[in-house]
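Chain by chain, the residues run as shown.
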Amino acid sequence: MSTLYICGTPIGNLSDISKRLIDVLQKVDRIVAEDTRQTLKLLQHLQIHKPMVSFFRHNIRRRIPELLEYLRNGENLALVTDAGMPGISDPGPELVEAVAKEGFSIECIPGPSAVTAALAISGFPADQFVFLGFLPVKSGKRKKILTDISGESRTVVFFESPHRIAKTLKELGEILPDRSVVVCRELTKKFETIYRGRGSEILEKIPPASIRGEFTVVIGPLD
């Protein structure tokens with residue numbers, strides 16, 4: 001039976017790749033990639049040459065019938081995103097659901113996760129936590145979510161882009177001035193940096209030149 005492999009790829013450091021993932025990428029017939037340019041870098045590093053199909057937010061509906069047809073024809077597919085696990089704030093759930101309905105085999109090849117890495121680094125309780133993905137772009141919606149967090153007793157994790165991290169930390173300092181926050185920048189990469197403190201304090205610690213790459217923010221629970 002044809003199989004869709006959901007493949008977790010390194011979030012920065014390519015040394016974190018697993019042997020199992022390498023084996024799967026070598027044996028599948030085709031790789032379904034969020035950004036073929038990014039995935040090509042990984043494949044070149046591994047000296048793997050495979051056909052790729054792009055699968056991103058704006059072509060999901062068009063691609064799914066095509067990918068199902070590959071599976072019907074006996075091909076095995078590997079689904080990857082730019083970094084981390086497909087489906088975690090990245091394309092994937094719609095394809096997995098469609099493949100499951102068709103009755104094909106689905107296997108997950110787990111890999112590094114910015115969410116669990118940031119939780120471990122934070123030192124906050126992680127037996128229960130809330131993951132919010134990326135916060136809304138619009139300030140009003142973002143502030144509403146941060147206001148809702150003020151009553152949340154569990155640890156909260158979310159992603160933020162370099163374009164909005166300063167605004168988000170400023171709003172965190174205003175809305176949740178007493179909550180402990182850990183901000184992780186460039187996790188597993190050469191310039192990985194961890195900032196700890198209140199939202200307003202962390203904003204003062206981040207040099208403007210360092211506002212690049214993806215940020216993972218962890219808010220500690222209510223005391």
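What counts and how
Residues numbered from 1 in each chain as written. Predicted model: local features only at pLDDT ≥ 70, side-chain atom pairs only at ≥ 80, totals over all residues. Heavy atoms only, no water. Helix = DSSP H or I, 4+ residues; strand = E, 2+ residues; numbered from the N terminus. Rg over C-alpha atoms; globule rule 2.2 N^0.38 Å. Buried < 20%, exposed > 50% of the residue type's maximum accessible area, 1.4 Å probe, protein only. Contact = heavy atoms within 4.5 Å. Areas by Shrake-Rupley, 256 points an atom, 1.4 Å probe, with all protein chains shown as cover. Lys, Arg positive; Asp, Glu negative; His and termini not counted. Charge placed at Lys NZ, Arg CZ, Asp CG, Glu CD. Salt bridge = Lys/Arg side-chain N within 4 Å of Asp/Glu carboxyl O. Pairing = 2+ DSSP bridges. Axes fitted to C-alpha atoms, helices over the stretch in contact; angles between N-to-C directions. Parallel < 35°, antiparallel > 145°, perpendicular 65-115°, else oblique. Left-handed = near helix turned anticlockwise from the far one by under 90°. Disulfide = S-S within 2.5 Å. 1 Å grid on protein atoms, 1.4 Å probe; cavity = no way out; pocket = protein on both sides within 12 Å on 5 of 7 lines; lining within 4 Å. Points joined across faces, edges and corners; volume = space filled by probe spheres on them. Nonpolar A, V, L, I, M, F, W, Y, C, P; charged D, E, K, R; others polar. Core = buried A, V, L, I, M, F, W, Y, C linked by side-chain atoms within 4.5 Å.

(A) Seen up close, the overall build of the protein. Counting its secondary structure elements, the protein contains eight helices and ten strands. Taken over C-alpha atoms, the radius of gyration comes to 19 Å for the protein, in line with the 17 Å a tight globule of 223 residues would show. Its C-alpha atoms give the protein principal-axis dimensions of about 55 × 35 × 30 Å. Every one of the 223 residues in the protein was classed for burial, and the buried ones make up 46%. Put simply, of all contacts in the protein between residues at least 6 apart along the chain, 71% involve residues at least 24 apart. Summed over its atoms, the accessible surface of the protein is roughly 11400 Å², and 51% of this surface lies on carbon and sulfur atoms. The distance from the centre of the 30 positive side-chain charges to the centre of the 27 negative ones in the protein is 4 Å.

(B) Summary view of the pattern of salt bridges. Enumeration over the complete set of coordinates arrives at 14 salt bridges. In this structure, Arg 142 engages Glu 171 in a salt bridge whose closest nitrogen and oxygen atoms are separated by 2.9 Å. Here Glu 171 lies in helix H7 (residues 165-175) and Arg 142 lies in helix H6 (residues 139-149), a separation of 29 residues in the sequence. Taking relative accessible area as the criterion, Glu 171 reaches 6% and is therefore assigned buried. A network of salt bridges, in which partner residues are shared, links Glu 69, Arg 72 and Glu 102.

(C) Summary view of the sheet that holds strand S2 (residues 30-33). Spatial ordering of the open sheet is given by S3-S2-S4-S1-S5, a layout of five strands whose pairing is parallel. Across the chains shown, the open sheet's two edge strands, defined by having one partner strand only, are strand S3 (52-54) and strand S5 (105-109). Averaged over neighbouring strand pairs, the angle between their axes works out to 25° when direction is ignored. In terms of strand pairing, strand S1 (residues 3-7) meets strand S4 (residues 77-80) through three bridges, oriented parallel. Following the sheet pairing, Ile 6 is matched in S4 by Leu 79. Relative to the sheet, helix H2 (residues 36-46) contacts S2, S3 and S4, its axis offset from that of S3 by approximately 150°.

(D) Spatial organisation of the sheet that holds strand S10 (residues 215-219). What the five strands build is an open sheet, ordered S6-S7-S10-S8-S9; its pairing is mixed. In the strand order of this sheet, the two ends are held by strand S6 (129-134) and strand S9 (193-197), each with one partner. Strand after strand, the sheet turns through a mean of 15° between neighbouring axes, direction not considered. In the sheet, strand S8 (residues 181-185) pairs with S10 via five bridges, with the strands oriented antiparallel. Each residue of the ladder has a partner; that of Val 181, found in S10, is Ile 219.

(E) Fine view of the packing of helix H3 (residues 60-72) against helix H4 (residues 93-102). Relative to each other, H3 and H4 sit at 40°, their axes nearing to 10 Å. What the angle tells us is that H3 and H4 run oblique. Between H3 and H4 the crossing geometry is right-handed. Packed against H3, whose contacting residues are Ile 60, Ile 64, Leu 67, Leu 68, Leu 71 and Arg 72, the element H4 presents Glu 94, Leu 95, Ala 98, Val 99 and Glu 102 at the interface.

(F) A look at the state of the cysteines. The full count for this structure, using the stated rule, is zero disulfides. Unpaired in terms of disulfides, Cys 7 finds its nearest cysteine sulfur in Cys 108, a separation of 8.1 Å. According to the relative accessible area criterion, Cys 7 is buried, its value standing at 0%.

(G) Layout of the layout of surface pockets. Looking at the largest pocket, its volume works out to about 540 Å³. Around the largest pocket, the lining is made up of 25 residues, and of these Ile 11, Ala 83, Asp 90, Ala 114 and Glu 214 lie nearest the centre. For the lining of the largest pocket, the residue count by class is twelve nonpolar, seven polar and six charged.

(H) Spotlight on the nonpolar core. Formed by 18 residues in total, the largest nonpolar core has its most connected members in Phe 158, Leu 169, Leu 172, Val 183, Ile 202, Val 217 and Ile 219. Elements represented by at least two residues in this core include exactly H6, strand S7 (155-160), H7, S8 and S10. What Leu 172 contacts, discounting residues up to four positions off in sequence, is Leu 146, Phe 158, Pro 177, Val 181, Gly 199, Val 217 and Ile 219.

The analysis is restricted to geometry; functional conclusions fall outside its scope.
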